[in-house]
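Residue strings, one per chain:
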Amino acid sequence: MTTDDAGCGCGCGTPGRSAFLSIGTGAPQEVPPAAGGRHSIEQALVPAGTFTMGDSSGDQNPADGETPRHEVTLGAFEIDATSVTNADFARFVDDTGYRTEAETFGFSAVFHLAVAAPEDDVLGQPPGTPWWFGVRGADWRHPGGSRSDLDGLGDHPVTHVSWNDAVAYCSWAGRRLPTEAEWEYAARGGIDGAKYPWGDAEVDEGGWRANIWQGTFPRENTLEDGWLTTAPVRSFAPNGYGLWQPVGNVWEWCQDWFDPRAYQRGPVTAPAGPGRGTARVLRGGSYLCHISYCNRYRNSARSQNTPDSSMGNAGFRTVARGAVTA
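Worth saying up front: this structure is predicted, and the values here are computed from it rather than measured.

> Give a description of the pairing of strand E13 (residues 302–305) that names residues and reports values.
In the case of a regular strand, side chains alternate between the two sheet surfaces. Here E13 shows a buried face lined by Arg-302 and Gln-304 and a second buried face lined by Ser-303 and Asn-305. Two elements, strand E12 (residues 280–283) and E13, share four bridges in a ladder whose sense is antiparallel. The partner of Leu-282 across the bridge, within E13, is Ser-303.

> Lay out the state of the cysteines with the relevant residues and their values.
Put plainly, a disulfide is one covalent bond tying together the sulfur atoms of two cysteines. Tallied over the full model, the rule gives zero disulfides. Cys-254 supplies the cysteine sulfur nearest to Cys-170, a cysteine that is in no disulfide, at a spacing of 11 Å. On the basis of relative accessible area, Cys-170 is assigned to the buried category, the value being 3%.

> For the pairing of strand E11 (residues 251–257), give the residues involved together with the corresponding values.
In terms of burial, E11 is largely enclosed, as six of its seven residues are buried. Alignment of E11 against strand E14 (residues 314–315), held across two bridges, turns out to be parallel. Paired with Glu-252 across the two strands is Gly-315, which belongs to E14.

> For the pattern of salt bridges, give the residues involved together with the corresponding values.
Tallied over the entire structure, the rule returns 19 salt bridges. The salt bridge involving Arg-136 is made with Asp-121; its shortest N-O contact spans 3.5 Å. Taken together, the positions of Arg-136 in strand E7 (residues 132–136) and Asp-121 in the loop between strand E5 (107–111) and strand E6 (122–124) put the pair 15 residues apart, joining distant regions of the chain. For Asp-121, a relative accessible area of 13% gives the class buried. The partner of Glu-252 in a salt bridge is Arg-317, with the nearest N and O atoms 2.9 Å apart. Linking Glu-252 in strand E11 with Arg-317 in the loop between E14 and strand E15 (319–320), this pair joins segments that are 65 residues apart in sequence. By sharing partners, the salt bridges in this structure join Glu-180, Glu-184, Arg-188, Arg-283 and Arg-302 into a single network.

Criteria and cut-off values
- Residues numbered from 1 in each chain as written.
- Predicted model: local features only at pLDDT ≥ 70, side-chain atom pairs only at ≥ 80, totals over all residues.
- Heavy atoms only, no water.
- Buried < 20%, exposed > 50% of the residue type's maximum accessible area, 1.4 Å probe, protein only.
- Helix = DSSP H or I, 4+ residues; strand = E, 2+ residues; numbered from the N terminus.
- Pairing = 2+ DSSP bridges.
- Disulfide = S-S within 2.5 Å.
- Salt bridge = Lys/Arg side-chain N within 4 Å of Asp/Glu carboxyl O.

Here it is as structure tokens:
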């Protein structure tokens, strides 16, 4: 399975757009920078420092390139305390008239239990991950398909946005996507070497700590944490730096190109990832992660997909451009 034709080989990693039946064409749009003041998400200040990047738990997926562990030094930066919400993304669209790639292509990837569309709108199922459907009319406003909407979901993370769509939002907001190193450092919340943002306790120990799958994947979700798909962005508890749900809920796009060998040869000060590639990095896992199939709801877990791919379990958060003083 290559980065050209699929996302990660796990339950909650979605096949790339080319794995589904394509209809229409999509192309990134240029969006003028914002006049300022429209990006209203609370900021978390992450102090300058050095941390150990990579898997410390032994649960890494070898093909993802979570090792070798290595020290990385970063300057201070500000990052969104939450994922960008449907309400946040709606302001961007209202200001710019932007159409996402799911809208221009005419379809997006929807988990089979979340489909809300006529049977004729289901365009196909990749053989390796048959729980993912290509659904005509699925987009950020219609996360399950044409029979769904955003009623009551304003504070949920926006989904069905490609990496290109996320970059367009950043251009409007005067921001950028976090590098993979920034994302992991912020997700760790000041606890170096821990498996999760809260430490090493398992996600269900003492009450649910993140929105992941419970039950038998991919057929039965017992909803013990309260959610079949996305949860409001301020669910559960923030980490030590004030980030809500860096793991679980939705995968988050990062700035970097994906390379499973990146840790073997990258710089150790403010790394920005490879100079080129075919897929972009996703971090954090999603509501579909389960220990029996996809245990990527960990600080160090990595995934990837093509920049034009969109899906019902991926969104993004942004960072401020330029350096800040801690």
